[in-house]
Amino acid sequence: MMKKSWWKEGVIYQIYPRSFKDTNGDGIGDLPGIIEKMDYLAELGITILWLSPVYASPNADNGYDISDYYQIHPDFGTMADFERLLAAAHKRGIRLVMDLVVNHTSDEHPWFAAARKSKDNPYRDYYIWRSGKHGAPPNNWPSFFGGDAWTRDPVTGEYYLHLFTPKQPDLNWENPRVRQEVYRLMRFWLDKGVDGFRMDVIPLISKRTDFEDTQLADFRDIIEKVYANGPRVHEFLQEMHREVMAHYDMTTIAEGVGIPPEQALDYVGAARQEIDMLFHFGHMFIDHGPAGRMDPRPWDKSTLFNIFLTWDRAVGASGWTCLYLGNHDFPRQVSRFGNDGPYREAAAKCLATLLMTLRGTPSVYQGDEIGMPNTPFSHVEEYRDIELLNFYREAQAAGKDLKAFLEAAQTQARDHARTPFLWEDAPQGGFTAGTPWIKVHPDYPRINAASQMSDPGSIWHFYRRVIQLRRQTPALIYGALVPLWVSEEGGYVYERHLEDEKFRIYLNMGDNPWKAAGAELPPHNACVLTNGGDPASLIMQPWEARVYTLK
Ligand code: ISL
Ligand code: CA
């Protein structure tokens, strides 16, 4: 029998604080806004809240560039607000998980400000410096967000490594002082009472220090084979576990970018004493071509299911994954994996059923519980994300077709996930009384939380039901995943087995009806959840979802 834990039984909800709820009219979501909505979250039934970064930051990458790990960004409020937020969550039985961004800091962090001053500054070795080769960077590594992964600093003439923007210099984990700084800041937040961390790009912390040129062309290969899973990553994580995790009732979630399934247990195998669970990336890169997200390629629905199956098998009985279909880095799940046209409601519910009936801890991204779709952006000026804006400038400089670029952005950009939560049919969707920092989805009169909460047939109420079902059903949490039938068009039939408790799930993840094979449909009164179809019929309507209990 698999070991039980609160973090396996929980349901995560991710908040992107800038876009959740603004209370002071500056157009930026804030901590008082999250406190105001704590009852909303409790009513939805989630049990673990993950906050994207709320620390001091110049916001080159919206808080994923931290200039002080011990301060709350004034845009979001004060430390007192944070403490009230934590208390408000705990009072309702909700645990709080912070974002831990320690592969890199901001270039405005005092460590980097000191490090760049001279080669012999005591902080120099907090970062990674190399001399260039004949006036060029030390190697050909590309950054995640376009351009080189190295920038020459004029003061000393040396280059520093930044796998993301030049405003995000990578920390040097080889330096034991850096590691102690990280453990110290983790303890600071844990001592305040937070319940764990989602660890940003944690597989990237140990570098391949030969710094040879890469010959790989596909960016996903570069991530996996050059940037992630470096030689000392497990040593560092085990040390972190000994120094920090072992001393608290907490959880850790790796942002598992670059981890291949074969290496999953090296990170999350219980005996390894490293990390509890990971967000894997197979399905997040499913439509990325060799040049990444702006190079989309086709994919099919059986591949999607098989990615989940592969990871389920990869972690087996001793490891654990997190399940997610979207976050702040990817377009809206209903637009990407579902249907945001005529079947939006059914598709949002069907995706929720998939998320809550696989093995792993589900993570709901803010707004998915009301089926928020991608936002129609019409001009490049409407985008805010540094990644998209960099890629746009690169396309422009290369003389590429900018109209085609913006068309691709309409399905691929990260900003789709970052437009404000739609609370009600009111100006700016009720997000702010001021001018929002990013465009509000214009469909708020039709798609908003208030109207869905008063409609028992809504996506919101369906989420609430399926979250309850998940939380109350040991077989849906711990049960083995048994696939029965999967088609390219999106017919999924699978079961979850825990001793003699068994459930069968039928999903139609597509726009056309299909006929369930065989006559062995469970009796209609064994159906414990549907999104509107006829549980006695063998015909599965577009985006229909059903869960049956088997006797
Ligand atoms: O969005 C991506 C690139 O197209 C992802 O590969 C993403 O960069 C990767 O998952 C790492 O994401 C995390 O670290 C980044 C930050 O921008 C993301 O928001 C964060 O989730 C750098 O800190
Ligand atoms: Ca605000």
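Residues numbered from 1 in each chain as written. Chains lettered and ligands numbered in written order. Predicted model: local features only at pLDDT ≥ 70, side-chain atom pairs only at ≥ 80, totals over all residues. Heavy atoms only, no water.

This part is about the overall build of the protein chain. A count of helical and extended segments in the protein chain gives 17 helices and 22 strands. Here the C-alpha atoms of the protein chain give a radius of gyration of 23 Å, agreeing with the 24 Å that 2.2 N^0.38 yields for 551 residues. Dimensions of the protein chain, computed from the C-alpha atoms along their principal axes, are close to 75 × 50 × 50 Å. Burial status across the protein chain gives 63% buried among its 551 residues. The long-range fraction of contacts in the protein chain, counting pairs at least 24 apart against all pairs at least 6 apart in sequence, stands at 70%. Split by element, the accessible area of the protein chain, about 19900 Å² in all, is 51% carbon and sulfur. (Helix = DSSP H or I, 4+ residues; strand = E, 2+ residues; numbered from the N terminus. Rg over C-alpha atoms; globule rule 2.2 N^0.38 Å. Buried < 20%, exposed > 50% of the residue type's maximum accessible area, 1.4 Å probe, protein only. Contact = heavy atoms within 4.5 Å. Areas by Shrake-Rupley, 256 points an atom, 1.4 Å probe, with all protein chains shown as cover.)

Strand order across the open sheet formed by five strands is β16-β17-β18-β22-β20, with antiparallel pairing between neighbours. Each end of this open sheet is capped by a strand with a single partner; those strands are β16 (480–486) and β20 (527–530). Mean inter-strand twist for the sheet, computed between neighbouring axes without regard to direction, equals 15°. Here three bridges tie β20 to strand β22 (residues 545–550), and the two strands are oriented antiparallel to one another. Across the sheet, residue Thr530 finds its bridge partner in β22, namely Arg546. (Pairing = 2+ DSSP bridges. Axes fitted to C-alpha atoms, helices over the stretch in contact; angles between N-to-C directions.)

As a further point, take the coordination of the calcium ion (ligand 2). Surrounding the calcium ion (ligand 2) are the protein donor atoms Asp22 (OD), Asn24 (OD1), Asp26 (OD), Ile28 (O) and Asp30 (OD), which sit 2.3 to 2.4 Å from the metal. In this structure Asp26 comes out as partly exposed when scored by relative accessible area, which is 34%. (Donors = N, O, S within 2.8 Å, 3.2 Å for Na, K, Ca; no water.)

This part is about the sheet that holds strand β1 (residues 12–15). An order of β1-β2-β5-β9-β10-β11-β14-β15 is seen for the eight strands of this closed barrel, with the pairing classed as parallel. When strand polarity is set aside, the average angle formed by the axes of neighbouring strands in this sheet is 30°. Pairing of strand β2 (residues 48–51) with strand β5 (residues 95–100), which is carried by four bridges, proceeds in the parallel orientation. Across the sheet, residue Ile48 finds its bridge partner in β5, namely Arg95. Packed on one face of the sheet, helix α12 (residues 344–357) meets β14 (321–323) and β15 (361–365) and runs near 150° to β15.

We now examine the site of ligand 1. If you check the shell around ligand 1, you find 18 residues, and the closest are Asp61, Glu255, Arg293, Asp329 and Glu387. Within the side chain of Glu255, an N or O atom sits 2.7 Å from an oxygen atom of ligand 1. Relative to its unbound accessible area of 500 Å², ligand 1 is 97% covered by the protein chains. Counting atoms within 2 Å of the grid points, the majority share of ligand 1 lands in the largest pocket. For the shell around ligand 1, the per-class residue count stands at seven nonpolar, two polar and nine charged. (Near = heavy atom within 4 Å. Polar contact = N/O pair within 3.5 Å; in protein donor to acceptor, adjacent residues only side chain to side chain. 1 Å grid on protein atoms, 1.4 Å probe; cavity = no way out; pocket = protein on both sides within 12 Å on 5 of 7 lines; lining within 4 Å. Sits in = over half its atoms within 2 Å of the grid points. Nonpolar A, V, L, I, M, F, W, Y, C, P; charged D, E, K, R; others polar.)

Moving on: the packing of helix α4 (residues 79–91) against helix α6 (residues 176–192). Put simply, α4 and α6 touch, their axes get as near as 11 Å, and they point 55° apart. The angle between α4 and α6 falls in the class oblique. For the pair α4 and α6, contact is made by Met79, Phe82, Glu83 and Leu86 and by Phe188, Trp189 and Lys192, respectively. Taken together, the residues that form the contact of α4 with α6 break down as five nonpolar, no polar and two charged. (Parallel < 35°, antiparallel > 145°, perpendicular 65-115°, else oblique.)

On to unusual backbone geometry, then. Residues other than glycine seldom take positive phi values, yet Phe211 does so here, at roughly 50°. By the secondary structure assignment, Phe211 is in the loop between β9 (196–199) and α7 (219–227). Even without glycine at this site, Gln428 takes up a positive phi of about 55°.

Per-chain confidence: the protein chain averages 97 in pLDDT, with 99% of residues scoring 70 or above. Ranking the helices and strands of the protein chain by mean pLDDT puts β1 first, with 99, and strand β19 (residues 514–515) last, with 90. (pLDDT = per-residue confidence, 0-100.)

Packed helices, taken two at a time, are described by the angle their axes make and the gap between the axes. The interhelical angle for the contact between α6 and helix α8 (residues 233–243), taken along N-to-C directions, is 40°, at an axis separation of 10 Å. Of the possible angle classes, the one that applies to α6 and α8 is oblique. Of the two elements, α6 crosses α8, and the hand of that crossing is right-handed. For the pair formed by α6 and α8, the contact residues are Arg179, Gln180, Val182, Tyr183, Met186 and Arg187 on the first element and Phe236, Glu239, Met240 and Glu243 on the second. The residue inventory of the contact of α6 with α8, partitioned by class, reads five nonpolar, one polar and four charged. (Left-handed = near helix turned anticlockwise from the far one by under 90°.)

With 14 residues, helix α16 (residues 459–472) should cover 20 Å at 1.5 Å per step; its first-to-last C-alpha distance of 20 Å lies within 8% of that length. Those residues of α16 that sit buried are Ile459, Trp460, His461, Phe462, Tyr463, Val466, Ile467, Leu469 and Arg470. (Expected span 1.5 Å × (residues − 1).)

Turning our attention to the layout of surface pockets. Its volume calculated, the largest pocket comes out at about 870 Å³. In terms of lining, the largest pocket is formed by 42 residues, of which the most central are Phe144, Ala291, Arg293, Glu387 and Phe391. When contributions to the lining of the largest pocket are tallied by element, the ones reaching two or more residues are α7, β13 (292–296), α13 (386–397) and α14 (402–412). Along the lines of polarity and charge, the residues of the lining of the largest pocket split into 23 nonpolar, seven polar and twelve charged. Looking at the second largest pocket, its volume works out to about 430 Å³. (Points joined across faces, edges and corners; volume = space filled by probe spheres on them.)

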